[in-house]
Amino acid sequence: LGLQQDCFFLGPDLTHIGLWFDPLTITSRWKPVLLINDFHGDVEQTGLFISGGFKYNLSDYVLFKIGGGIGIMNQEISGSVSFFGASEEYNEKEIIFIYQFLTEFNFNISDKIHFGLRYRWLDVGQGEADFLSSRDAHLAELSIGYNF
């Protein structure tokens, strides 16, 4: 759901991202060189954005959009890291600030129905997880919509 005017659009985005890291198996040949013996974990993120930007009709059937958004994300990170036999567990739950940039092409099938191809760059940040660098996601999305 959202609002579109002649050259402007505004609307909410709800997103969910889940990443699961399988246990890392390091052969005995590499163990003397590497400090990490084992690593596994998962990340769950659910966010809500308010996005807006500009739109331009390339033809009667093709619409181009460019814009960005800001929002918040609930982030849950858990995992385990082993260094030389000593294991450390990590669990974190927090709400973080996020932002995104997007570009999109909408193709009008009829007066009411369209489908779209969208690319989003999403910066999730680091939060309080000191062992993680700043994270970003590159998302390619396919959508179908109905104009009321």
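For the structure itself, consult the block above.
Just so we're clear, the structure is a prediction, and the values are computed from it rather than from any experiment.

**A word on the overall build of the protein**
Helix and strand content of the protein: zero helices and seven strands. Traced from its N-terminal end to its C-terminal end, the protein shows the element sequence β-β-β-β-β-β-β. For the protein, contacts bridging at least 24 residues in sequence account for 58% of all contacts bridging at least 6. With an accessible surface of roughly 9900 Å², the protein has 64% of that area assigned to carbon and sulfur atoms.

**Focus: the nonpolar core**
Counting residues in each nonpolar core, the largest one holds eight residues, listed as I17, F49, M73, I96, I98, L122, V124 and A137. The set of elements that each furnish at least two residues to this core consists of β5 (86-108) and β6 (113-125). Setting aside anything within four residues of it in sequence, one finds I98 in contact with F49, G69, I70, G71, I72, M73, L122, D123 and V124.

**Points about the pattern of salt bridges**
Evaluation of the coordinates by the stated rule reveals three salt bridges. For R118, the salt bridge goes to D13, with nearest N and O atoms at 3.5 Å. Highlighted residues: R118 in strand β6 and D13 in strand β2 (residues 8-21), separated in sequence by 105 residues. Like D13, R118 is buried. A salt bridge links E141 to R120, with the shortest nitrogen-to-oxygen separation between them at 2.9 Å. Here R120 lies in strand β6 and E141 lies in strand β7 (residues 135-146), a separation of 21 residues in the sequence. Residue E141 is classed as partly exposed on the basis of its relative accessible area of 24%. Relative accessible area serves as the criterion here: at 3%, R120 is assigned to the buried category. Members of the salt-bridge network, linked through shared partners, are D13, R118, R120 and E141.

**A few points about the side chain of Q75**
Positionally, Q75 belongs in strand β4 (residues 62-83). For Q75, a relative accessible area of 0% translates into the label buried. There is a polar contact of 2.9 Å between the side chain of Q75 and the side chain of Q45. In this structure the side chain of Q75 is engaged in a polar contact, spanning 3.3 Å, whose partner is the side chain of E92.

**Topic: the environment of L139**
Relative to the elements of secondary structure, L139 occurs in strand β7. C-alpha separation for the pair L139 and W121, spaced 18 residues apart in sequence, amounts to 6.5 Å. Excluding residues within four positions of it along the chain, L139 makes contact with R118, Y119, R120 and L122.

**Focus: the pairing of β2**
As paired strands, strand β1 (residues 3-4) and β2 are joined by two bridges and run antiparallel to one another. Pairing of L3 across the sheet is with L10, part of β2. Hairpin connection of β1 to β2: three residues between the antiparallel strands.

**Examining the packing of aromatic side chains**
Inspection of every chain in the model, using the stated rule, returns six aromatic pairs. Clustering of aromatic rings is evident, with ring pairs tying together Y99, F101 and W121. For K65, the ring lying beneath its charged end belongs to F9, and the centroid distance is 4.9 Å.

Basis of the calculations
Residues numbered from 1 in each chain as written. Predicted model: local features only at pLDDT ≥ 70, side-chain atom pairs only at ≥ 80, totals over all residues. Heavy atoms only, no water. Helix = DSSP H or I, 4+ residues; strand = E, 2+ residues; numbered from the N terminus. Contact = heavy atoms within 4.5 Å. Areas by Shrake-Rupley, 256 points an atom, 1.4 Å probe, with all protein chains shown as cover. Core = buried A, V, L, I, M, F, W, Y, C linked by side-chain atoms within 4.5 Å. Buried < 20%, exposed > 50% of the residue type's maximum accessible area, 1.4 Å probe, protein only. Salt bridge = Lys/Arg side-chain N within 4 Å of Asp/Glu carboxyl O. Polar contact = N/O pair within 3.5 Å; in protein donor to acceptor, adjacent residues only side chain to side chain. Pairing = 2+ DSSP bridges. Phe/Tyr/Trp six-rings, centres within 6.5 Å; stacked < 30°, edge-to-face > 60°. Lys NZ or Arg CZ within 6 Å of the ring centre and 35° of its normal.

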